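Coordinate inspection notes
The lines below spell out each chain.
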Amino acid sequence: MKKYSAGIDLGGTKILIAFINRETGEVVASVKKKTKKDKGPQNIIRKMTEGIEELFAQTSISKEEISSIGIGAAGQVDRENGILIGAPNLDCYDFHIKELISSRFDIPVYLGNDVEIAAIGEMKFGAAKGCDDFVCVFVGTGVGSAIVKNGSVILGATGTAGEIGHIIVDLNGRPCACGAHGCLEAYASRSAIERRIEGALKKGRHSVILDYLESGKSITSSMIQKSIEKGDELVTACVDEASDYLSGGIASIINFVNPKLVVLGGGLIEAVDYFYKNTIKKAKAKSLPVPASKIEFKKAALGDFSGVIGAAFLQDRKL
Ligand SMILES: [Zn+2]
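Values in this document were obtained by computation on a predicted structure and should not be read as measured data.

**Quick notes on the domain arrangement of the protein chain**
Domain annotation of the protein chain identifies domain 1 (4-123 + 305-316) and domain 2 (131-300). The distance between the C-alpha centroids of domain 1 and domain 2 comes to 26 Å. Opposite the nine residues of domain 1 that make contact, domain 2 presents 14 residues. With both chains or domains summed, domain 1 and domain 2 bury close to 910 Å², and 76% of this area falls on carbon and sulfur atoms. It is Val115, Glu122 and Met123 that lose the most area in domain 1 upon contact with domain 2, and together they represent 50% of the buried surface on that side. At the boundary of domain 1 with domain 2, the tally comes to zero salt bridges. Counting every contact that joins domain 1 to domain 2 gives one residue pair in polar contact (both at pLDDT 80 or more). With seven residues, helix H3 (residues 114-125) is the largest single contributor of residues to the side of domain 1 that touches domain 2. Of the residues assigned to the side of domain 1 that touches domain 2, the class counts are five nonpolar, one polar and three charged.

Dropping the structure here:
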């Protein structure tokens, strides 16, 4: 067996590219490329190719030792054909990513989505190690999730299962980027909290978050954490509201899927422990008694590397 795989986490703001030891899950080497400005298929292919070349140069690993290149993209994917169908954040549509990368390196290429690879990473070497029946929920710009049953990510009829962010929690609620109204994502994401805080500030409410905010810059998870540490009422109220909605969404998933474990990750969960603790406490209380009696919660353990580690194992997936 070849000892290493390349894992690529292709996101809306950055591409993380790494060589992973398939036996130990160790990230042998990694590079990061920004995708904030020059997007589009040609730029993305160039950055990924350069990144892989840089890793070969940095390490003594040869092409013959690389078993596969796994890519997880923030968008809709056609896994069988290796096509990124649509990724508005990357300005890529009908992008034949598998064909283009495999022709450059002559190594098999596998494509999945970003949440799928993060869940595989956590299952192999992170918070869900040893568990084959769990749900991952990631809270950041949006709210994403993956359902793992018998050690495989459930993909669904169109490969889009797990869209917890678009569970409708308020029939006449806030508009969501997907076109519907009242989606969980519009209430429980970091962006939703940001909009609530900004709206209140515009109306003249005071908050210590103003001390951390630079003009023109957006609110980050660490600013939210610092404001909560200082007992800021406005930020705490906005985070409490998001946690009320998120816990409702997670309780629905616990009742519907009946998993053994829920792994929570993403920037907001990592930075704001108050949000994590409150959310799991409320989710357990809102779930039906029988599924709630067995449920376990854990924070994702691999941070930024969960995606690249998981991508290295896309080759083992059965479609
Ligand atoms: Zn939606």
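**Notes on the layout of surface pockets**
Size it by volume and the second largest pocket reaches roughly 260 Å³. In this structure, the second largest pocket is lined by Glu116, Ile120, Met123, Lys124, Gly151, Ser152, Val153, Leu155, Phe313, Asp316, Arg317 and Lys318. Going through the elements one at a time, H3 and strand E11 (152-153) are the ones with two or more residues in the lining of the second largest pocket. Looking at the lining of the second largest pocket element by element, the count peaks at four residues for H3. Counting only domains with at least three residues in the lining of the second largest pocket, you end up with domain 1 (4-123 + 305-316) and domain 2 (131-300).

Rules and cut-offs
Residues numbered from 1 in each chain as written. Predicted model: local features only at pLDDT ≥ 70, side-chain atom pairs only at ≥ 80, totals over all residues. Heavy atoms only, no water. Domains from an automatic or database assignment. Contact = heavy atoms within 4.5 Å. Buried area = accessible area lost by both parts, 1.4 Å probe. Salt bridge = Lys/Arg side-chain N within 4 Å of Asp/Glu carboxyl O. Polar contact = N/O pair within 3.5 Å; in protein donor to acceptor, adjacent residues only side chain to side chain. Helix = DSSP H or I, 4+ residues; strand = E, 2+ residues; numbered from the N terminus. Nonpolar A, V, L, I, M, F, W, Y, C, P; charged D, E, K, R; others polar. 1 Å grid on protein atoms, 1.4 Å probe; cavity = no way out; pocket = protein on both sides within 12 Å on 5 of 7 lines; lining within 4 Å. Points joined across faces, edges and corners; volume = space filled by probe spheres on them.

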